[in-house]
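Coordinate analysis (summary)
Each chain, letter by letter, is given below.
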Amino acid sequence: MTHAARANATWNDTVEQLGGGDLLEKEARETKGFQRPRKIRCAVDLLQCAFAYCLGKLGLRLTAAWAEGIGLANLSNVALLERLRAAVPWLEAIAARLMAGLCDGATANAAAAADGDGAAAKPPGKGRLIRLIDATTVAKADKAEREKGGVWRIHAAYDLPGERLSAFEVTDEKGAEAINRLPVVPGEIRVADRVHCRADDLADVIEQGGDPLVRAGWRSARWLWPCGCQMDLIRVLEGSATGVIDMPVKLARAKAGPLAMRLIAVRLPKDKAMKAVADARATAKDKGHKLDPRTLVAAEWTIIVTSLSKAELSTEEVLDIYRMRWRIEIAFKRMKSLLGLARPPGDCPRVAKAWVLCHLIAVLLTEAQLAAIGSSPRRGHALAPACGAPAAC
């Protein structure tokens with residue numbers, strides 16, 4: 001078999017993994033990602049050009065030359081740029097469909113775990129779907145934008161025990177992280193770090209049928225006793241004789257009644273507490289801030305708030321779930337190191353979004369293959385979709 005034949009066979013396999021040519025053509029026309037077969041015969045050929053540019057090492061000019069050389073398309077680099085801009089809604093539709101399939105599978109797996117006979121060790125959460133929420137950024141290509149802090153922010157959800165991405169949204173630097181940004185799967189446990197501890201957002205997750213479990217800082221909320229009276233969290237921490245606190249609290253809200261939650265706080269081991277205090281001092285010094293003594297008290301504790309009751313999960317079970325949050329960080333590192341998710345080329349926002357979306361589709365295809373084989377790829381064996389393009393020219 002010739003190289004060209006192998007490349008075509010591999011690309012055909014990728015098309016099938018993406019749902020097949022007919023479905024891709026239908027989605028492309030519905031989203032106006034592909035409208036008329038001028039210069040490019042069909043939507044599948046446009047998708048191959050998009051993958052070649054976004055996942056390969058070629059620029060627009062060389063990608064257009066490569067496409068013409070193999071008889072895939074006959075268009076200029078400017079025409080290819082316009083096609084990529086128009087393809088963004090289509091790429092979003094492909095990614096959303098792939099994620100829906102993964103999310104359905106993760107939910108089914110969680111339900112199966114809940115209905116199991118208990119012979120095997122169950123993951124934390126007692127069979128419920130656990131979704132880790134976080135965001136990662138890649139810098140914008142334009143130097144002036146970078147100097148102003150310009151980034152593309154990828155907001156993502158990572159499902160456990162399925163170990164795969166199930167939702168994402170791409171924004172610029174103005175798109176703030178929020179625990180309720182991505183749709184909630186009813187019954188899920190949604191885990192996030194302290195930047196997501198905002199009472200109104202937590203209430204929204206609960207209203208959608210989820211249970212938030214987030215880390216908190218002593219200034220993350222206005223703390224109230226269950227009766228609604230003001231609570232001094234630092235005094236509560238200092239008054240703990242056991243180093244473990246598990247109690248009901250309320251979080252004040254600006255335009256609604258207080259939100260009933262559960263506060264869990266655990267004092268860090270001495271060596272980790274000393275490091276946390278030293279880090280807090282160093283951060284304040286670097287930023288030129290006057291350090292509040294209460295920050296040093298809180299630095300010695302892991303503070304978590306959740307809507308999960310003690311009857312559902314014990315203190316240690318809640319902490320076990322939160323300790324799994326690092327797994328989404330590993331997923332982000334895999335995207336950046338193995339699949340090349342780095343700064344998009346050029347300064348066009350829509351092309352940059354297409355570039356990010358192609359990488360995320362590659363990740364989702366990888367996750368789908370892992371779901372089928374039930375294991376993780378070894379480092380250095382990323383399963384990015386093959387487009388038949390050379391790695392470099």
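The shown structure was predicted, so the numbers you read here are calculated from the model rather than taken from an experiment.

Quick notes on the packing of helix H2 (residues 21–30) against helix H3 (residues 43–55)
Remark: H2 packs on H3, axes separated minimally by 8 Å, with the N-to-C direction vectors making an angle of 85°. Compared by their axis directions, H2 and H3 come out roughly perpendicular. On H3, the residues touching Gly21, Leu24, Glu25 and Ala28 of H2 are Ala43, Val44 and Leu47. In terms of residue class, the contact of H2 with H3 is built from five nonpolar, one polar and one charged.

Observations regarding the pattern of salt bridges
For side chains bearing opposite charge, pairing can occur when the charged atoms are close. This structure, assessed with the given rule, holds 22 salt bridges. Put simply, arginine 131 and glutamate 188 hold a salt bridge, and the shortest N to O gap is 3.1 Å. A residue pair is termed long-range when its members are at least 10 positions apart, and arginine 131 in strand S1 (residues 130–139) and glutamate 188 in the loop between strand S3 (164–172) and strand S4 (189–192) qualify at 57 residues. Put simply, Arg131, Asp159, Glu188 and Arg190 are held in one network by salt bridges that share partners.

As for the nonpolar core
Of all hydrophobic cores here, the largest spans 112 residues; its most connected members are Phe168, Trp223 and Leu263. In terms of residues, this core owes the most to one element, helix H14 (residues 349–373), which gives twelve residues. Setting aside its immediate chain neighbours within four residues, phenylalanine 168 contacts Ala95, Met99, Ile154, His155, Ala156, Leu182, Leu357, Leu360 and Leu364. Grouped together as the second largest cluster of nonpolar side chains are seven residues, Leu268, Ala273, Ala280 and Ala299 included.

Observations regarding the confidence of the model for the protein chain
Counting all residues, the mean pLDDT for the protein chain is 83, and 83% of those residues have values of 70 or more. Ranking the helices and strands of the protein chain by mean pLDDT puts strand S5 (residues 211–215) first, with 97, and helix H6 (residues 88–114) last, with 69. A low-confidence stretch, residues 117–121 stays under pLDDT 50, and its non-local contacts, those more than four residues away or across chains, total zero contacts. Low pLDDT, under 50, characterises residues 375–383; the stretch is placed with eleven contacts to residues that sit more than four places away or in other chains.

What to know about the sheet that holds S3
Within the open sheet, the nine strands sit side by side as S3-S2-S1-S4-S5-S9-S8-S7-S6. Their pairing is mixed. Each end of this open sheet is capped by a strand with a single partner; those strands are S3 and strand S6 (223–224). Two strands pair when backbone bridges link them, and strand S7 (residues 244–251) and strand S8 (residues 259–267) are joined in this way by eight bridges, in the antiparallel orientation. Bridge assignment links leucine 251 to a residue of S8, and that residue is leucine 259. Running over the sheet, helix H13 (residues 326–337) touches S1, strand S2 (151–160) and S3 and is turned about 35° from S1.

Quick notes on H3
A rise of 1.5 Å per residue sets the reference length of H3, with its 13 residues, at 18 Å; its end C-alpha atoms lie 18 Å apart and thus fit the reference within 8%. Taken across its 13 residues, H3 has twelve buried, putting it largely inside the fold. All of the buried residues along H3 are Ala43, Val44, Asp45, Leu46, Leu47, Gln48, Cys49, Ala50, Phe51, Ala52, Tyr53 and Cys54.

Describing the environment of threonine 295
Counting through the fold element by element, threonine 295 comes out in helix H11 (residues 293–299). Considered as a pair, threonine 295 and arginine 281 are 14 residues apart in the sequence and their alpha carbons are 9.2 Å apart. Excluding residues that lie within four positions of it along the chain, threonine 295 makes contacts with Trp218, Arg219 and Ala280.

A short note on helix H10 (residues 270–287)
Spanning 18 residues, H10 covers 26 Å between terminal C-alpha atoms, matching the ideal 26 Å at 1.5 Å per step. Buried within H10 are the following residues: Ala273, Ala276, Val277, Ala280 and Ala284. Down the axis of H10, the smallest arc covering the buried residues is 100°, so these residues share one side. For H10, exposure combined with an orientation more than 90 degrees from the buried face picks out Asp271, Lys272, Met274, Lys275, Lys285 and Asp286.

Some remarks on the environment of glycine 149
Note that glycine 149 resides in the loop between helix H7 (143–147) and S2. Spatially, the C-alpha atoms of glycine 149 and glutamate 173 are 7.6 Å apart, while their sequence positions differ by 24 residues.

A few points about the side chain of histidine 155
Position of histidine 155 relative to the elements: it lies in strand S2. Among the polar contacts listed, one links the side chain of histidine 155 to the side chain of threonine 171, at a separation of 2.9 Å. Beyond its immediate sequence surroundings of up to four residues, histidine 155 is in contact with Asp134, Ala135, Ala167, Phe168, Glu169, Thr171, Gly175, Ala176, Glu177, Arg181 and Leu182.

Focus on the pairing of S7
Sheet topology note: the S6/S7 ladder contains two bridges and is antiparallel. Residue leucine 224 lies in a different strand from S7, and its bridge partner there is lysine 250.

As for the packing of H3 against helix H4 (residues 60–69)
A packed helix pair is summarised by two numbers, namely the angle formed by the two axes and the spacing between the axes. Where H3 contacts H4, the axes come no closer than 10 Å and their chain directions differ by 140°. Classified by the angle their axes make, H3 and H4 are oblique. Viewed along their axes, H3 and H4 form a crossing whose handedness is right-handed. Contacts from Gln48, Cys49, Ala52 and Tyr53 in H3 reach Leu60, Thr63, Trp66 and Ala67 in H4. When grouped by side-chain class, the residues that make up the contact of H3 with H4 number six nonpolar, two polar and no charged.

A look at unusual backbone geometry
A cis amide bond, omega 5°, links leucine 160 with the succeeding residue proline 161. One non-glycine residue, lysine 32, lies in the positive phi region at around 60°.

About the criteria used
- Residues numbered from 1 in each chain as written.
- Predicted model: local features only at pLDDT ≥ 70, side-chain atom pairs only at ≥ 80, totals over all residues.
- Heavy atoms only, no water.
- Axes fitted to C-alpha atoms, helices over the stretch in contact; angles between N-to-C directions.
- Helix = DSSP H or I, 4+ residues; strand = E, 2+ residues; numbered from the N terminus.
- Parallel < 35°, antiparallel > 145°, perpendicular 65-115°, else oblique.
- Contact = heavy atoms within 4.5 Å.
- Nonpolar A, V, L, I, M, F, W, Y, C, P; charged D, E, K, R; others polar.
- Salt bridge = Lys/Arg side-chain N within 4 Å of Asp/Glu carboxyl O.
- Core = buried A, V, L, I, M, F, W, Y, C linked by side-chain atoms within 4.5 Å.
- Buried < 20%, exposed > 50% of the residue type's maximum accessible area, 1.4 Å probe, protein only.
- pLDDT = per-residue confidence, 0-100.
- Pairing = 2+ DSSP bridges.
- Expected span 1.5 Å × (residues − 1).
- Arc of directions from axis to C-beta.
- Polar contact = N/O pair within 3.5 Å; in protein donor to acceptor, adjacent residues only side chain to side chain.
- Left-handed = near helix turned anticlockwise from the far one by under 90°.

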